[in-house]
Amino acid sequence: MAAPIVYDGVKKKKQYYKKLCMGLHRDGSLMSIQVFNSLFDRSILRPCTEPFTGYGGDQLNILGKCNTTVVKLPLINDATPIFCKVRPIPMAFREKIEQQLQQLVEQDIITPVNDSDWGTPIVPIPKSDGEIRICGDYKSTINRFLKDFRYPLPRIEEIFASMQRGQLFTKLDLSGAYNQLVLDDDAQKLCTLSTHKGLFRMKRLPFGVKIAASIFQKTMESLLSQFANVFCFQDDIVVTGSNFAEHLSTLRKVLTKLQEAGLRLNVGKCKFFQSKISYLGFDVDKNGLSKNQERTKSVIDSLRLSHIFEDGSDRPVAFVSRALNNAEKNYSTFEKEALAIIFSVTKLRQYLLGNKFILRTDHKPLVTIFGENKGIPVMAAARIQRWALLLSGFNYSIEYVKGALSTSDSLSRLRQPPQSMKRLHT
């Protein structure tokens, strides 16, 4: 690390801290002022000459490119190429989609080609800021033909048990996540996108490929497993230590390793030297693990995660639930039922990623919309398109179960005894 630049006076030091936190977190929680002052006074932190720089002075306005591995996407033996024609694009989206395609070409994520045996239609997803995100509907093409890639995701119980010695916690977030992994030539051909501007071959691992989560987890663990007090679950990396010196030493090694591998962080989502962090749905601090508020709600009308054993018995593993907010209360019945699936899959993500699982619903239209081999519907509302795209990143099948046979809301179906009977048994 280069020698620190010494600032004269407290005023300039405060200005540097303000610049460090500006635009990154509304609450300024990238790093507390107390930790910042300690590091700055000990010449551990130094101001950067570039406005957007990373560890070692690397530019952050470029997407990382992993140089340690090349991703292969093996197919089953009877795979037949599928080429989907271009789907109708709303006129209001065309200009933004074209701009996004050009940006992806400049970032070396896609490259134009003249022809392809495979062609995956794009799905434009409107973002909250008015911009468009381009995604491939891979469940309608290659997902059904991909060989399973079985790599175990870490057990969250083991992760949290290993964090017990931690005093402060640093949380790192990889920018672009899957897009930092490079596809080999054959995989690039499989992931070709079909657009109104022609064909574009994917050069990076895209979201929506069902085995992407397992591939990404293996890549990250191969890089970071050598370090103690470092925990990785997908693109979230946590660094800690039994004391500050150990924490700082490990953090430097991790940042150096990521830099050497060509990976880049999303500095806006990173938090350094925190006394408490939220990780995998729990709050973690030096005193141990605690559930956040969403985990303490009633299990009545809850969704459940269950496991089917060899004897055919179906036993619950976990229950999750939450109340609808004011906006969600105005959703149609279809959207509420879809929201239940999305909430449960997102909430139980750490258990489901990398595993084949079954979604069961008593709302039959969802089987068509969210079917594992069904294309994302072109005419569906943007909200449903986003949800269908989210599910495409998981390896699942979906089944219809009659409401009377569904156990997910069994508690709400229990008959309540009359008030007189309650008094009688009191």
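Residues numbered from 1 in each chain as written. Predicted model: local features only at pLDDT ≥ 70, side-chain atom pairs only at ≥ 80, totals over all residues. Heavy atoms only, no water.

**Section: the sheet that holds strand 4 (residues 132-136)**
Threshold: Only when DSSP finds a minimum of two bridges between them are two strands counted as paired. Labels follow the DSSP assignment, with helices taken as runs of H or I lasting at least four residues and strands as runs of E lasting at least two, numbered in each case from the N terminus. Axis lines are fitted to C-alpha atoms, over the contacting stretch for helices. Their N-to-C directions set the angle, which ranges from 0 to 180 degrees. We call two residues contacting when some pair of their heavy atoms lies within 4.5 Å.
In space, the five strands of this open sheet follow the order 2-8-7-3-4, with mixed pairing throughout. A strand with exactly one partner marks an edge of an open sheet, and here the two such strands are strand 2 (110-113) and strand 4. The sheet shows a mean angle of 40° between the axes of neighbouring strands, taken without regard to direction. Where strand 7 (residues 193-195) meets strand 8 (residues 198-202), three bridges bridge the pair, whose relative direction is antiparallel. Bridging across to strand 8, Leu193 finds its partner in Phe200. Taken strand by strand, helix 3 (residues 91-106) contacts strand 2, strand 3 (120-126), strand 4, strand 7 and strand 8, and its axis lies near 70° from that of strand 4. In this fold helix 11 (residues 382-391) packs onto strand 3 and strand 4, with an angle of close to 125° to the strand it touches most, strand 3.

**Digging into helix 8 (residues 333-347)**
Stated formally: Between the first and last residue of a helix there are one fewer steps than residues, each counted as 1.5 Å, and that sum is the expected span. A simple rule labels every residue: compare its accessible area, found with a 1.4 Å probe on the protein chains alone, to the largest value its type can have, and call it buried under 20%, exposed over 50%, or partly exposed in between.
Over its 15 residues, helix 8 extends 21 Å from the first C-alpha to the last, a length consistent with the 21 Å expected when each residue adds 1.5 Å. Where helix 8 is concerned, the buried positions are Glu335, Ala338, Leu339, Ile341, Ile342, Phe343, Ser344, Val345 and Lys347.

**Focus on the nonpolar core**
Stated formally: Here, nonpolar core means buried Ala, Val, Leu, Ile, Met, Phe, Trp, Tyr and Cys residues that are tied together by side-chain atoms lying within 4.5 Å of each other.
Core analysis: the largest hydrophobic core is formed by 96 residues, its most contacted members being Leu73, Leu172, Leu224, Ile237, Tyr279 and Phe370. Residues contacting Leu73, with those up to four places away along its chain left out, are Leu146, Leu183, Ala187, Leu190, Cys191, Val209, Ile211 and Ile215.

**Here we look at unusual backbone geometry**
Not every positive phi belongs to a glycine, and Asp108 is a case in point at roughly 65°. Owing to a relative accessible area of 26%, Asp108 belongs among the partly exposed residues under this scheme. Within the chain, Phe273 stands out as a residue other than glycine whose phi angle is a positive 55°. Within the element layout of this structure, Phe273 appears in strand 11 (residues 271-274).

**A closer look at the packing of helix 8 against helix 11**
How we decide: The cut-offs work like this: below 35 degrees is roughly parallel, past 145 is roughly antiparallel, 65 to 115 is roughly perpendicular, and the gaps in between are oblique. Crossing handedness follows the turn of the near helix against the far one: under a right angle anticlockwise gives a left-handed crossing, and clockwise gives a right-handed one. All amino acids are sorted into three groups, where Ala, Val, Leu, Ile, Met, Phe, Trp, Tyr, Cys and Pro are nonpolar, Asp, Glu, Lys and Arg are charged, and the leftover types, Gly among them, are polar.
With their axes 11 Å apart at the nearest point, helix 8 and helix 11 run at an angle of 30° to one another. Regarding the angle of helix 8 to helix 11, the classification is roughly parallel. Seen from above, helix 8 lies across helix 11 with left-handed handedness. For the pair helix 8 and helix 11, the contacting residues are Phe334, Glu335, Ala338, Leu339, Ile341, Ile342, Val345 and Thr346 in the first and Arg383, Ile384, Trp387, Leu390 and Leu391 in the second. Tallied by class, the residues present in the contact of helix 8 with helix 11 amount to 10 nonpolar, one polar and two charged.

**Considering the pairing of strand 3**
Within strand 3, six of the seven residues are buried, which leaves it mostly tucked inside the rest of the structure. Where strand 3 lies against strand 7, two bridges are found, and the strand directions are parallel. Within strand 7, the position partnered with Pro121 by the bridge is Ser194. Two strands pair when backbone bridges link them, and strand 3 and strand 4 are joined in this way by five bridges, in the antiparallel orientation. Within strand 4, the position partnered with Pro124 by the bridge is Ile134.

**Concerning the packing of aromatic side chains**
Formally: Two aromatic rings from Phe, Tyr or Trp, using only the six-membered ring of Trp, form a pair when their centres are within 6.5 Å; if the ring planes differ by under 30 degrees the pair is stacked, by over 60 it is edge-to-face, and anything between is tilted.
Under the defined criterion, the tally for this structure stands at seven aromatic pairs. Relative to Phe207, the ring of Tyr178 has its centre 6.3 Å away and its plane inclined at 25°; by these criteria the two rings are stacked. In this pair, Tyr178 is assigned in the loop between strand 5 (169-173) and strand 6 (182-183) and Phe207 in the loop between strand 8 and helix 6 (212-224), connecting sequence segments 29 residues apart. Judged by centre distance (5.2 Å) and plane angle (35°), the rings of Phe244 and Phe273 are tilted. Of the two residues, Phe244 is situated in helix 7 (residues 244-260) and Phe273 in strand 11; the sequence distance between them amounts to 29 residues. Judged by its relative accessible area of 5%, Phe273 falls in the buried class. One aromatic cluster is present, formed by Tyr178, Phe207 and Phe216 through successive ring pairs.

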